[in-house]
Amino acid sequence: MKLNETQIKQIDRQIKRLIASGNYYGKMYSELGITGINSQEDFEKLPFSEKNDLRNAYPLGIMACDESEVVRIHSSSGTTGTPVIIPYTAKDVDDWATMFARCYETAGITNKDRIQITPGYGLWTAGIGFQAGCEKLGAMAIPMGPGNTEKQLKMMIDMQSTVITATSSYALLLAEEVKKRGLKDKLNLKKGVIGSERWSEQMRERIHNELGIELYDIYGLTEIYGPGIGINCSFESGIHYWDDYIYIEIIDPVTGEQVPDGEEGEIVITTLVKEGAPLLRFRTHDLSRIIPGECQCGSKYPRIDIIKGRSDDMFKVHGVNMFPCQVEDLLKQVEGASSEYSITIARDEDNNKDVMLLTVEADGKYDFEAVSARTAELFRSLIGVSPKVIVLPIGTLPRSEKKTKRVIDYRNN
Ligand code: ZN
């Protein structure tokens, strides 16, 4: 998706602000001789920004305004533990709440709703984002924070909460408790707004069934305001995002080039009007694609697909990008196959091509040859690559409590 004229002007303004502030990125742009942009081509020449920059600039090196304008900070630690600090001005806080309120509206939530907020409050952006958006919308916030399931259920019943906001794992826990205690009839829940970590279709089904609610995926990350920069509508055809606040491009994570609309790659986000810590071309490492065309709901806001996983997990064979989650999805469609698999990739020098070996498991009562043929056929039609498939009895592949390494690549060794 290309930048429109307004977005080009907004980004040009951001670059000039950053340079004037002399912050981490301002200095970087000055050193690179960047003074602004006038076109898509100029924009695509800008360097990417990364979480590592934010760590290098710890604690306040990315602040791009006078400190007197900063009203709040948030922080995310990520998986490595080194924190990053994001400063917000009053306008940033207000813009975020506006975006969040728009998310609630897109989910059909109104000022008559009672929203029970279970994500945590504090340094991270979750609880307070759900709360500010709720107040901006004019709905009633029930600010519970995480845990204390006993009290959550009591408030849910006594206050007749209509909306639950939660991580997918906590929503599942609540759903199980509701079922166990037979409380479903006492609840008035209609909708759930769920933080957009990747969650399985089975998990979604269970929460949906046990609580009898519509589910919405909200997207966002601390570096870019927090949750609330996008959400799916009731047509469940991707996530609408707010292109008056952010610009999203999808890049090939290996080459860094933008891919055509519709093609999968890594989400890169540019903030258009942020003041405290503007970020241009921030690499999220989240995988998705732009969904071309307009949504049936009539919204003009563009869409990305639900998050497919992390680019760090991607691998490439015959020039085709593949992700472990695609293989998982595909195996679900093979009767008899378990969810376990392993992939080995090597280079066939004689024939100058990559070879891919896919090992899957199947229940002994199924015909292994049929499982193998069906897997290969699905791989060809859905992913466009023909692997050699080996089928073994269930329990043969190694299991690991930690994340199992499923892809072994011998090509560069
Ligand atoms: Zn829509």
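Residues numbered from 1 in each chain as written. Predicted model: local features only at pLDDT ≥ 70, side-chain atom pairs only at ≥ 80, totals over all residues. Heavy atoms only, no water.

S.K.: Can you walk me through the overall build of the protein in this structure?
M.R.: The secondary structure content of the protein amounts to 11 helices and 21 strands. Dimensions of the protein, computed from the C-alpha atoms along their principal axes, are close to 70 × 60 × 40 Å. Going through the 413 residues of the protein one by one, you find that 51% of them count as buried. If you sum the accessible surface of the protein, you get close to 19,100 Å²; carbon and sulfur atoms cover 50% of it. Averaging the coordinates of the 49 positive side-chain charges in the protein and doing the same for the 60 negative ones gives two points 3 Å apart. (Helix = DSSP H or I, 4+ residues; strand = E, 2+ residues; numbered from the N terminus. Buried < 20%, exposed > 50% of the residue type's maximum accessible area, 1.4 Å probe, protein only. Areas by Shrake-Rupley, 256 points an atom, 1.4 Å probe, with all protein chains shown as cover. Lys, Arg positive; Asp, Glu negative; His and termini not counted. Charge placed at Lys NZ, Arg CZ, Asp CG, Glu CD.)

S.K.: It is not clear to me how the side chain of D252 should be interpreted in this structure. Could you clarify?
M.R.: Inspection of the secondary structure assignment puts D252 in the loop between β10 (246-251) and β11 (265-271). We classify D252 as buried; its relative accessible area is 11%. Here the side chain of D252 touches V254 through a polar contact of 2.7 Å, landing on its backbone nitrogen. Beyond its immediate chain neighbours, meaning those up to four positions away, D252 contacts E257, V259, K316 and N321. (Polar contact = N/O pair within 3.5 Å; in protein donor to acceptor, adjacent residues only side chain to side chain. Contact = heavy atoms within 4.5 Å.)

S.K.: Looking at this structure, how should I read the coordination of the zinc ion?
M.R.: Ideal geometry at a metal gives 109.5 degrees between four tetrahedral donors and either 90 or 180 degrees between six octahedral ones. In this structure, C233 (SG), H240 (NE2), C295 (SG) and C297 (SG) serve as the protein donors to the zinc ion, at separations of 2.1 to 2.3 Å. Considering all four donor atoms around the zinc ion, the spread of angles at the metal, 103 to 116 degrees, places the coordination shape in the tetrahedral class. (Donors = N, O, S within 2.8 Å, 3.2 Å for Na, K, Ca; no water. Tetrahedral: all angles 85-135°; square planar, octahedral: opposite > 155°, others 65-115°.)

S.K.: When you look at the sheet that holds strand β3 (residues 114-117) in this model, what are you seeing that I'm missing?
M.R.: Two strands in a sheet stick together by hydrogen bonds in their backbones, pointing the same way (parallel) or opposite ways (antiparallel). Here nine strands make up an open sheet; going across it, the order is β4-β3-β5-β6-β7-β8-β9-β14-β13 and the pairing mixed. Each end of this open sheet is capped by a strand with a single partner; those strands are β4 (140-143) and β13 (290-291). (Pairing = 2+ DSSP bridges.)

S.K.: Please explain the environment of V84 as it appears in this structure.
M.R.: Here V84 is to be found in strand β2 (residues 84-89). Sequence spacing of V84 and P143 is 59 residues, and the spatial spacing of their C-alpha atoms is 26 Å. Setting aside chain neighbours within four positions, we find V84 in contact with K51, L54, R55, Y58, H74, S75, S76 and E223.

S.K.: Would you mind going over unusual backbone geometry with me for this structure?
M.R.: One can expect most non-glycine residues to show negative phi and most peptide bonds to be in trans. Between Y58 and the following residue, P59, the backbone shows a cis peptide bond with an omega angle of 0 degrees. One can find P59 in the loop between α4 (51-56) and β1 (70-76). If you check the backbone angles, Y225 has positive phi at about 70 degrees while not being a glycine. Inspection of the secondary structure puts Y225 in the loop between β7 (214-221) and β8 (226-232).

S.K.: How should I be thinking about helix α7 (residues 149-158) in this particular structure?
M.R.: An α-helix turns once every 3.6 residues. As a result, residues three or four positions apart point the same way. Of the positions making up α7, those classed as buried are T149, Q152, L153 and M156. Relative to the axis of α7, the buried residues are bounded by an arc of 95 degrees and lie together on one face. Summarising the contacts, the buried residues of α7 are in contact with β3, β5 (163-166) and α8 (168-181). (Arc of directions from axis to C-beta.)

S.K.: Explain the side chain of Q131 to me, please; I cannot follow it from the model alone.
M.R.: Relative to the helices and strands, Q131 resides in helix α6 (residues 126-137). If we skip the residues at most four places from it in the chain, Q131 touches I117, Y121, A141 and P143.

S.K.: It is not clear to me how the environment of T222 should be interpreted in this structure. Could you clarify?
M.R.: Structurally, T222 is set in the loop between β7 and β8. Counting along the chain gives 75 residues from T222 to C297, while the straight-line C-alpha distance between them is 28 Å. Contacts of T222, omitting those with residues within four sequence positions, involve H74, S75, S76, I86, Y88 and T125. Side chain to side chain, T222 and T125 meet in a polar contact 3.2 Å long.

S.K.: I would appreciate a short explanation of the pattern of salt bridges in the present structure.
M.R.: Here the idea is simple: oppositely charged side chains can pair when their charged atoms come close. Applying the stated criterion to the full structure yields 27 salt bridges. Where D354 meets R411, a salt bridge forms, and the shortest distance between an N and an O atom there is 3.1 Å. Within this pair, whereas D354 is found in strand β19 (residues 353-362), its partner R411 is found in the segment after β21 (407-409), the two being separated by 57 residues in sequence. With relative accessibility at 22%, the residue R411 sits in the partly exposed group. (Salt bridge = Lys/Arg side-chain N within 4 Å of Asp/Glu carboxyl O.)

S.K.: How should the sheet that holds β21 be read in this particular structure?
M.R.: Taken together, the four strands give an open sheet; going across it, the order is β20-β19-β18-β21, and neighbouring strands pair in mixed fashion. The sheet is open, and its two borders are formed by β20 (388-393) and β21, each paired with just one other strand. For this sheet, the mean angle separating the axes of adjacent strands, direction not counted, is 15 degrees. In the sheet, strand β18 (residues 337-348) pairs with β21 via three bridges, with the strands oriented parallel. From the neighbouring strand, T344 faces β21, where its bridge partner is I408. Contacts between helix α11 (residues 368-382) and the sheet are confined to β18, β19 and β20, with β20 contributing the most and set at about 140 degrees to the helix. (Axes fitted to C-alpha atoms, helices over the stretch in contact; angles between N-to-C directions.)

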